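Here is how the chains run, residue by residue.
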Amino acid sequence: MTRRIVIDARSRGSTGRYAERLLHHLQDLDEQSDYFVLVKKEQDWQPHAVNFTPVVADIKDYSWQEQIHLWWIISRLRPDLVHFTMPQQPLLYRGKTVTTIHDLTMLRFHNLDGNRLVYLSKLAVFRGLLFLVARTSAALITPTEWVKSDVERTLRVPAAKIHVTHEAADPLPCEPVPIGQLQDRQFILFNGNVFPHKNVRRLIDGYRLIRARHPDLLLVIAGKLGEQGRRLQEATRPANDVRFLGFVPDGELKWLMANARAYVYPSLSEGFGLPGLEAMLLDTPVVASNATCLPEVYRDAAHYFDPLDVDDIACKLDEVLTDATLREELVRKGRRLLAEYSWDRLARQTLAVYRAVLAGERVGQLRPWRR
């Protein structure tokens with residue numbers, strides 16, 4: 001019997017990449033099921049397999065429309081299983097579901113940009129939604145063992161219900177585009193949103209502790225600034241040693257990562273940490289926080305610091321910048337580590353979850369499905 005599977009792929013950013021890569025590889029693995037992929041209009045996603053069909057669901061996250069209209073769209077498709085690649089979903093839907101929980105960062109850090117009341121209202125909805133989804137989903141997927149343990153402990157979910165599927169890094173499919181102001185300059189790089197849990201303020205402080213030893217070194221911060229990022233940018237002026245570039249297109253990002261003396265990831269909370277792996281793809285040494293999942297993902301291929309200790313951030317940065325042997329070792333270990341992550345494996349593991357849920361099996365006893 002042909003199964004009907006709906007995948008909610010409306011997410012953007014790093015979680016959007018997760019959904020896109022999952023879908024890309026699932027199309028090469030499963031010819032037996034009919035898939036209906038929920039997307040927003042601007043995504044313009046087109047499948048390469050005939051059994052995958054895009055369905056426009058241009059619905060705002062955490063809205064009443066999501067609770068009612070999305071429920072109506074899904075119900076009309078008569079699915080045997082729905083995979084929500086983010087926790088937000090219509091609570092009225094009572095069919096079999098699988099939910100990916102990327103991390104619980106929002107429960108611990110207030111990434112407040114814009115209207116405070118709106119943000120706190122959405123946070124309250126998100127908190128309640130998480131607890132309900134954790135109980136009603138037939139299976140949960142997390143990107144790391146650390147997040148699995150966090151979900152199990154915080155949301156009080158049995159470990160057997162949670163399946164870990166490690167993500168992977170892909171080379172940016174473009175040519176590097178140099179940034180004029182940084183050509184012939186030495187710099188270290190951070191790329192990402194400037195939210196409190198990204199810990200950029202301490203990174204700046206740690207970097208400035210080593211400026212005397214590295215007077216020509218710049219700190220480059222790339223990524224959408226938002227209100228909090230703009231405040232941090234103002235706080236660093238009039239000094240010109242920290243360069244806030246804002247959002248940069250892929251070509252410029254690829255050039256930045258390839259030419260940085262080090263990629264620095266000071267985050268206090270992550271679900272996986274793709275940017276560090278993307279830097280390793282370009283043979284850039286990674287200096288990272290030892291918090292949450294990052295040591296699990298980067299293993300011995302990064303040089304770690306305590307993200308709450310500015311002196312330790314400075315020390316570890318200085319070691320990577322001055323020790324050529326350490327840099328070469330990190331690059332070599334990074335190349336070896338990258339071979340251990342695969343989107344194809346993630347898709348196989350996810351398909352195994354689908355099939356187990358449809359068959360009524362225990363997810364915790366699964367092994368990756370193979371054709």
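Residues numbered from 1 in each chain as written. Predicted model: local features only at pLDDT ≥ 70, side-chain atom pairs only at ≥ 80, totals over all residues. Heavy atoms only, no water.

A. Quick look at the packing of helix H6 (residues 200-209) against helix H7 (residues 226-236). At a minimum axis distance of 11 Å, the contact between H6 and H7 shows a crossing angle of 20°. Regarding the angle of H6 to H7, the classification is roughly parallel. Where H6 crosses over H7, the two elements pack in a sense that is right-handed. Judged by residue contacts, Val200, Arg201, Ile204 and Arg208 of H6 engage Leu232, Ala235 and Thr236 from H7. Classifying every residue of the contact of H6 with H7 gives four nonpolar, one polar and two charged. (Axes fitted to C-alpha atoms, helices over the stretch in contact; angles between N-to-C directions. Helix = DSSP H or I, 4+ residues; strand = E, 2+ residues; numbered from the N terminus. Parallel < 35°, antiparallel > 145°, perpendicular 65-115°, else oblique. Left-handed = near helix turned anticlockwise from the far one by under 90°. Contact = heavy atoms within 4.5 Å. Nonpolar A, V, L, I, M, F, W, Y, C, P; charged D, E, K, R; others polar.)

B. Spatial organisation of the sheet that holds strand S8 (residues 186-191). The six strands lie next to each other as S10-S9-S8-S11-S12-S13, forming an open sheet whose pairing is parallel. In the strand order of this sheet, the two ends are held by strand S10 (242-246) and strand S13 (302-305), each with one partner. Adjacent strand axes in the sheet meet at a mean angle of 25°, parallel and antiparallel pairs treated alike. Relative to strand S9 (residues 217-222), S8 is paired through six bridges, and the arrangement is parallel. Across the sheet, the residue bridging to Ile188 is Leu219, located in S9. On top of the sheet, H6 reaches S8, S9, S10 and strand S11 (262-265); it is set at about 170° to S9, its chief contact. (Pairing = 2+ DSSP bridges.)

C. The sheet that holds strand S1 (residues 4-8), seen in detail. Strand order in the open sheet formed by seven strands is S3-S2-S1-S4-S5-S6-S7, and the pairing between neighbours is parallel. Edge positions in the sheet fall to strand S3 (52-56) and strand S7 (162-164), since each has one partner strand and no second. In this sheet, adjacent strand axes meet at a mean angle of 20° when their direction is disregarded. Looking at chain direction, S1 and strand S4 (residues 81-84) are connected through four bridges and run parallel. Paired with Asp8 across the bridge in S4 is Phe84. In the packing of helix H2 (residues 64-77) onto the sheet, the strands contacted are S1, strand S2 (34-39), S3 and S4, and the crossing angle to S2 comes to about 165°. Where helix H13 (residues 343-359) meets the sheet, it contacts S1, S2, S4, strand S5 (97-100), strand S6 (139-142) and S7, and its direction lies at approximately 140° from that of S4.

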